[in-house]
Amino acid sequence: MNPHARFSLLRPAALFTAISLSGCAVFAPPPPPPPPPPPPSVSIARLYEQPAERNFINGLRFYEEGQYERAEALLKRSLAEGLHDRNDIAVAQKHLAFIACAYNRPGDCEQAFRAAFVADPSFRLSEAEVGHPLWGPVYKRVASEQATRAPADAKQRSPGGNDPAMPATTLP
């Protein structure tokens, strides 16, 4: 075979291979998108400008300083003024429960723990807090009631249950 003829046969094959390989780069998957930006931070200064949040922060500060009467007044005021965050509401109720138990008001203590669970169903005390001799037993009783109530509440909210907020559905 003529060497020029062989070269002329290889040339289209090489061209086809080059085009084919360059086409692979076109069909390669795109790079992954960049990660989303972090959520905007919450300005403590702006929160402090809101009356409910300011009273909540100051109530916690007075609690930590051992000024329980002032802490109780400010925490109650923060709730009355419409504290927004469900976790903050639960924390305010937790501290109100601690104060009530410390002042031998078990009914108020229990009520505050119940309100904390209403605000945040995943509300839990730390192990050290659960072990406290004044409010630990009250918390355990309320938490136990919440645990037994949760399956019943879920059953009522299931389709066809008795929860008036949930329309009954019929399954085919």
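Remember, it's a predicted structure, so these values are computed and weren't measured experimentally. (Residues numbered from 1 in each chain as written. Predicted model: local features only at pLDDT ≥ 70, side-chain atom pairs only at ≥ 80, totals over all residues. Heavy atoms only, no water.)

Draft legend 1. A look at the overall build of the protein. When you go through the protein residue by residue, the secondary structure sums to 8 helices and 0 strands. Looking at the protein as a whole, 27% of its 172 residues qualify as buried. If you take every contact in the protein between residues at least 6 apart in sequence, the share linking residues at least 24 apart comes to 48%. Total accessible area on the protein is roughly 12300 Å²; 63% of this is exposed by carbon and sulfur atoms. (Helix = DSSP H or I, 4+ residues; strand = E, 2+ residues; numbered from the N terminus. Buried < 20%, exposed > 50% of the residue type's maximum accessible area, 1.4 Å probe, protein only. Contact = heavy atoms within 4.5 Å. Areas by Shrake-Rupley, 256 points an atom, 1.4 Å probe, with all protein chains shown as cover.)

Draft legend 2. Main features of the confidence of the model for the protein. For the protein, per-residue confidence averages 82 on the pLDDT scale, and residues scoring 70 or more make up 71% of the total. Within the model, pLDDT remains below 50 along residues 160-172, and this stretch shows 9 contacts once partners closer than five positions in the same chain are excluded. (pLDDT = per-residue confidence, 0-100.)

Draft legend 3. Structural context of the packing of aromatic side chains. Under the counting rule described, the total for this entry stands at 9 aromatic pairs. Summarising the aromatic geometry, the rings of Phe117 and Phe123 are spaced 5.2 Å apart at their centres and angled 85° between planes, so their arrangement reads as edge-to-face. The exposure class of Phe117 is buried, given its relative accessible area of 6%. Here Phe117 and Tyr139 contribute two aromatic rings whose centre-to-centre distance is 6.0 Å and whose plane-to-plane angle is 15°, an arrangement assigned as stacked. One end of the pair, Phe117, is in helix α6 (residues 106-119); the other, Tyr139, is in helix α8 (residues 136-157), and 22 residues separate them in sequence. For the pair Phe117 and Tyr139, a shared accessibility class is recorded, and that class is buried. Chaining the aromatic ring pairs together yields one cluster made of Tyr63, Tyr68, Phe98, Phe113, Phe117, Phe123, Trp135 and Tyr139. (Phe/Tyr/Trp six-rings, centres within 6.5 Å; stacked < 30°, edge-to-face > 60°.)

Draft legend 4. Molecular detail of a nonpolar patch on the surface. A cluster of nonpolar side chains, namely Ile44, Tyr48 and Ile57, defines an oily patch on the protein surface of about 280 Å² accessible area. Inspection of the secondary structure puts Ile44 in helix α2 (residues 44-49). (Patch = residues over 30% accessible without salt bridge, like charges linked within 9 Å, V, L, I, M, F, W, Y side chains within 5 Å. Salt bridge = Lys/Arg side-chain N within 4 Å of Asp/Glu carboxyl O.)

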